[in-house]
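Each chain, letter by letter, is given below.
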Amino acid sequence: MFVNFSDLPGSQNLFLDYLNEFDNVNKFFSKNFRDIDNYADHFKELSTSEKCNRQNLIEIIKNQYKDFKVSKQTEININLFESKRTLAVVTGQQLGLFGGPLYTIYKTITAIKLALWLKENFEGYNFIPVFWLEGDDHDFDEIRSLNIIANDNSIKQITYDKEVPEGLNRGPVASLKLNDSFNELISEIKEDLRETDFTKELFEVIEKCYYSGSTFSIAMKNLLLRLFDEYGLIIFDPTDRKVKESLKPLFENEITNFAKSSALLVERSAELEELYHAQVKVKPINLFYNEGNERLLIEPVEDEFRLKGKRKKFSKEEILSEIDNHPEKFSPNVLLRPICQDTLLPTSFYIGGPSEISYFAQLTPLYKLNNLVQPIIYPRASAVIIEKQFSNLLAKYKLNYTDLFRDESSLNEKVLSKISDFASNDLFDGIEKIYSEEFNKLNSRIEIIDKNLMMVSEKTLSKILQLLNNLKDKTKDAEIRKHDVAIKQLEKMRNNLYPLNNLQERELNFIHFANKYGINFVKLLFNQLKINKFEHQIIEI
């Protein structure tokens, strides 16, 4: 079963048109992901491009994997990059705890399954799924928390390193090491999760991936290896110094020609604002610099370059020299990152969610500027997992999944109106109507006797209706108390299926389900998740 994205709260028009009305967004993207007949031409264009240094790419990947034991399929896939007819199907995500929200899993599965489908349907080409670890990102607050459904069925946010104040710039998260407070986080999760037959196994896996002294990057890589290595997924770390060495010409070009690239982005953003929205605020320069423990935006100031919020400045010659000697200190922002990615990799497809599709609409001009073939942007799979107990509740109360998008009180009223013997809303509305009609009759007579009494009559009616409304509220509260079991069932269901008034895939982590159904729950998802429907899938388990 599927739900159209237009029926989901918060779906942006740009994303909806990208899915279903591509002609409306054609000017913002180089290729239509639905146009399968043109895939072959795209692959030919990409395979004949000289941009990707394949030997260098293989050396980088092999070096990144030298301390990891991997599957035979992964070994094969790494070496396949030697061939010009080997193309990448790429996705990526920030280094959230235990993989971050569920949609990280869905993105990864989409990349793997699309690569398999392409291999079956386009003879002579190889397609390799690649996960780009977005470890240059410095938004520590965004990755250090996760939501779980606690023992009491409430949603609880659990945060790592609580003593660190919000908003603190700690530099790229990839190199941050997990400290002893991570053990406290694990203990807190264990205390709040309901223990099952799979809890022990789940935490054995988690604690082999995430442990005190490990970095966020290594921990995320370990987890992805555990879940997806058998499929030959290549996990790529762009914070590697050898990667930054390869990106020196791109970084230098950004410094030298920032005015041109910025102008193109500003122009494109203005076009988007007229019809849709610009996802990212354009900056003059799309590069950050690591200074001490901070990652700081580079800004042009007259003939120099300054680190945002700092006094430190560089001349043009000094900053170019810094790129040449210390490229590992530089990293792209969200608009330049895809250009870096597709300079290094022969990317045929990028798997992205709604926000990523929006910012690709913004950055398309940079591909032409850098003489790169833009990948086809393929929407990731999207889903809600509905367990049997909640399927039964939806049926019991004659609800659809989309009914859960109502606010809590509206949902409760809808259900209570079905199960209550006392139709309070209709009854009170009827009484209110009677009072209003009778006072209208009364007022027509009062007006004849003394017009000054009209105001008294209106105030009297207002007081009566206010008292009636108070009684109505008390009656509703009494109904809720009477049907307490039903209300608690609705709250539990909403917390699981539409937590914090948001899609489940954006709020819950995979450990919620792995704790109930085992770590191999991810394989169940792999088998059930559809990657070619481009709607929000309902997966019943």
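The structure we're discussing is the one just above.
Every chain's residues receive numbers from 1 upward, in the order its sequence appears when written. Local features in this predicted model are restricted to residues of pLDDT 70 or higher, and side-chain atom pairs are both shown and tallied only at a pLDDT of 80 or more, whereas totals for entire chains, interfaces and linings draw on every residue. The basis for every side-chain value is the complete set of heavy atoms in the structure, and neither hydrogens nor water enter the calculation.

This paragraph deals with unusual backbone geometry. Even without a glycine there, the phi angle at E302 is positive, about 55°. A run of DSSP states H or I qualifies as a helix once it reaches four residues; a run of E qualifies as a strand once it reaches two. Both are numbered from the N-terminal end. Within the secondary structure, E302 is located in the loop between β8 (294–301) and β9 (304–307). For N501, which is not glycine, the phi dihedral falls at a positive 60°. Mapped onto the secondary structure, N501 falls in the loop between α20 (484–497) and α21 (504–507).

The next subject is the nonpolar core. Nonpolar core, defined: a set of buried Ala, Val, Leu, Ile, Met, Phe, Trp, Tyr and Cys residues in which side-chain atoms within 4.5 Å join the residues together. The cut-offs for exposure are 20% and 50% of the maximum accessible area for each residue type, with area from a 1.4 Å probe on protein chains only; residues under the lower value are buried, those over the upper are exposed, and the others partly exposed. Counting 165 residues, the largest nonpolar core has F29, F98, F228, Y401 and F510 as the members making the most contacts within it. Not counting the four nearest positions on each side in its chain, F98 is found in contact with L146, F182, L185, I186, I189, I206, Y210, L223, N509, F510 and I511. Should any heavy atoms of two residues lie within 4.5 Å, those residues are considered in contact.

Moving on, we come to the sheet that holds strand β13 (residues 376–379). What holds strands together in a sheet is hydrogen bonding between their backbones, with the strands either parallel or antiparallel. Strand pairing requires that DSSP identify at least two bridges connecting the strands. Taken together, the 5 strands give an open sheet; going across it, the order is β6-β3-β2-β12-β13, and neighbouring strands pair in parallel fashion. Each edge of the open sheet carries a strand with a single partner, namely β6 (234–236) and β13. Looking at each pair of strands side by side, their axes are set apart by 30° on average, direction ignored. Across 4 bridges, strand β12 (residues 347–352) lies against β13 in parallel orientation. When the sheet's bridge partners are listed, I351 is paired in β13 with Y378. Sheet contacts for helix α3 (residues 54–64): β2 (86–93) and β6; angle to β6, the most-contacted strand, approximately 90°. The convention used is that axes are lines fitted to C-alpha atoms, helices contributing only their stretch in contact, and that angles between N-to-C directions extend from 0 to 180 degrees. Along the sheet, helix α15 (residues 354–369) makes contact with β2, β12 and β13, crossing β12 at roughly 130°.

Next up on the list: a negative patch on the surface. Patches in this entry comprise residues that are over 30% relatively accessible and not in a salt bridge; like charges within 9 Å are linked, as are nonpolar side chains (Val, Leu, Ile, Met, Phe, Trp, Tyr) within 5 Å. Here the accessible surface of atoms and residues is derived via Shrake-Rupley with a 1.4 Å probe, and residues count as covered only by protein chains that are part of the display. Here, a salt bridge means any Lys or Arg side-chain nitrogen found within 4 Å of an Asp or Glu carboxyl oxygen. His is not counted, nor are the chain ends, whereas Lys and Arg count as positive and Asp and Glu as negative. Charge positions come from single atoms, namely NZ of Lys, CZ of Arg, CG of Asp or CD of Glu. Residues E302, D303, E304, E317 and E318 make up a contiguous surface patch of negative charge. Position of E304 among the secondary structure elements: in strand β9.

Before going further, it helps to examine the environment of Q362. Residue position: Q362 is located in helix α15. For Q362, a relative accessible area of 0% puts it in the buried group. Taking C-alpha positions, Q362 is 9.9 Å from K281, a pair spaced 81 residues apart along the chain. If we ignore the near neighbours within four places in the chain, the residues touching Q362 are L265, R268, S269, L272, A278, Q279, V280, V282 and L335.

Once that is clear, we can look at the pattern of salt bridges. What the rule picks out here adds up to 28 salt bridges. The partner of K31 in a salt bridge is E45, and the shortest N-O contact between them spans 3.7 Å. Note that K31 is positioned in the loop between α1 (13–20) and α2 (39–47) and E45 in helix α2, a separation of 14 residues in sequence. What makes E45 partly exposed here is its relative accessible area of 41%. Note that D136 is salt-bridged to K244, the shortest N-O span being 3.2 Å. Of this pair, D136 sits in the loop between β3 (126–133) and α6 (140–143) while K244 sits in helix α10 (residues 241–246); the two residues are 108 residues apart in sequence, bridging distant segments of the chain. Across this residue pair, the class does not change: D136 and K244 are buried.

Bear in mind that shape data such as this cannot, by itself, settle questions of function.
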